[in-house]
Amino acid sequence: MPLYKKISELILFCAQFALSLQPTMAKKRKLSTWAILRGLMKRVRIRHWILIVWIGTVLLFQQVEGWGEYYARHLYPTIGKALSSLSGKVDFCLSDTFYFLLIGLALLWIPISIWMLKRKKKRLLADFTEAALWLYVWFYSAWGLNYWQDNFYLRTGVGYVEYSSNSLGAYVSAYIYDLNDAYVPVEDIDSMLVKQEILKSYEAIYAQTGMNKPLNTDPQVKTMFITPLASMVAVTGSMGPFFGEFTINGEVLPVDYPHIYAHELSHLYGITSEGEANFYAYLACLHSDVPEIRFSGLLSVFSHLMNNVRTLMGESSYAHLIKQVRPEIRLLVRDRQAYWMDRYNPYIGKMQDLMYDFYLRQHRIEGGRKNYSAVVGLLMAWDERQKVSP
């Protein structure tokens, strides 16, 4: 659909919405577009005009080629830095608090509006619609427009690699050698050391890898309020777009903490693709000299690589390669899987998977949840790039 038609439809929708807030304007006869707009001009409130203009601006950034990339490179760094600095002044998670308040207010507002304020259902629906639209523009202005930036290949000029079973097998064999060599038992991890090392890594690699310069030299990671629920749906971390903060599940294992920290921090820096976030976390961890952090980064892509081996090369090749992995690492992988399965609720987890998959697909993330495994293609493309120009 042409952009001008989308904007005209938006104006009409907003006009109808604004008029719905004025009960005296409700007519049984059907109003024309211009009649609606004339009524809107007379009766709409200033905040509704602000909302209409803001929504239109957001849509322009989404639809006009290059505007999303401009937002990501030039506007978001300032917005993200400001929000991150403000949210970092409090120790608790503003995002989780905000979500709980929204749910609580919504549940309270319905009975209060109907029984105490005697609001009509149409007016109540209009109130909720306006609130949803304000959240819409806040989300996209604060972080969400990063979904319309160029992908990794366009930002870096790295060519996409169509890998074969032979090239994948060679890459995974070399990877397993590095993984075995990097193995260290990780019984505990210093979160402050992880923070310092990952920040130092991103400062070193951002220019050549198509990332924004780190927004905040002292980002404050928060622990999820709802850690048990997050574990039930296998969520180990999240990005809080409304307040420029990121969270980590309080039950993550020490061996996973560095790469999860790096993954979620990349989201704060404007990376929206889950595959790209995995890739940047991998590079950041490997750039560190701390053995535990390096091993965490290598281990983070193990399942993605081995799943691709099984799919592309078959069970026999998978079995052959898995035997090359150190027994301690194979045991660690099984123990990690059992650890999370003990906490996972299949009913809630499947529901969350479907919702998050839908969300990702609606925001230009190819493959939805499968995008996490796009890290394999990125790793192999980057490896080819490094062979040519290290």
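See the structure above.
Here's what I pulled together on the structure shown here. (Residues numbered from 1 in each chain as written. Predicted model: local features only at pLDDT ≥ 70, side-chain atom pairs only at ≥ 80, totals over all residues. Heavy atoms only, no water.)

Some points on the overall build of the protein chain
Piece 1. Across its full length, the protein chain carries 18 helices and 3 strands.
Piece 2. A fraction of 75% describes how many contacts in the protein chain between residues 6 or more apart in sequence connect residues 24 or more apart.
Piece 3. When the accessible surface of the protein chain is totalled, it reaches about 20700 Å², and 61% of it is carbon and sulfur. (Helix = DSSP H or I, 4+ residues; strand = E, 2+ residues; numbered from the N terminus. Contact = heavy atoms within 4.5 Å. Areas by Shrake-Rupley, 256 points an atom, 1.4 Å probe, with all protein chains shown as cover.)

Notes on the pairing of strand 2 (residues 237-240)
Piece 1. Pairing of strand 2 with strand 3 (residues 245-248), which is carried by 4 bridges, proceeds in the antiparallel orientation. Opposite Gly237, over in strand 3, you have Ile248 as the bridge partner.
Piece 2. Connecting strand 2 to the antiparallel partner strand 3 that follows it, the hairpin turn spans 4 residues, and Gly244 within it adopts a positive phi of roughly 60°. (Pairing = 2+ DSSP bridges.)

Digging into the environment of Asn278
Piece 1. Inspection of the secondary structure assignment puts Asn278 in helix 12 (residues 274-287).
Piece 2. Here Asn278 falls in the buried class, since its relative accessible area comes to 14%.
Piece 3. For the pair formed by Asn278 and Val375, sequence separation is 97 residues and the distance between their alpha carbons is 6.1 Å.
Piece 4. Here the side chain of Asn278 touches His263 through a polar contact of 2.9 Å, side chain to side chain. (Buried < 20%, exposed > 50% of the residue type's maximum accessible area, 1.4 Å probe, protein only. Polar contact = N/O pair within 3.5 Å; in protein donor to acceptor, adjacent residues only side chain to side chain.)

A few points about unusual backbone geometry
Piece 1. In this structure, Ala234 takes a positive phi of about 60° despite not being glycine.
Piece 2. Secondary-structure assignment places Ala234 in the loop between helix 10 (227-232) and strand 2.
Piece 3. According to the relative accessible area criterion, Ala234 is partly exposed, its value standing at 49%.

Overview of the pairing of strand 3
Piece 1. Of the two faces of strand 3, both are covered, the one formed by Glu245 and Thr247 as well as the one formed by Phe246 and Ile248.
Piece 2. The pairing of strand 1 (residues 222-223) with strand 3 spans 2 bridges and is classified as parallel. From the neighbouring strand, Lys222 faces strand 3, where its bridge partner is Thr247.

Focus on the packing of helix 12 against helix 13 (residues 291-300)
Piece 1. Relative to each other, helix 12 and helix 13 sit at 155°, their axes nearing to 7 Å. The orientation of helix 12 relative to helix 13 falls into the category roughly antiparallel. Relative to helix 13, the crossing made by helix 12 is left-handed. Where helix 12 abuts helix 13, its residues Tyr282, Cys285 and Leu286 lie against Ile293, Arg294, Gly297 and Leu298.
Piece 2. The residue inventory of the contact of helix 12 with helix 13, partitioned by class, reads 5 nonpolar, 1 polar and 1 charged. (Axes fitted to C-alpha atoms, helices over the stretch in contact; angles between N-to-C directions. Parallel < 35°, antiparallel > 145°, perpendicular 65-115°, else oblique. Left-handed = near helix turned anticlockwise from the far one by under 90°. Nonpolar A, V, L, I, M, F, W, Y, C, P; charged D, E, K, R; others polar.)

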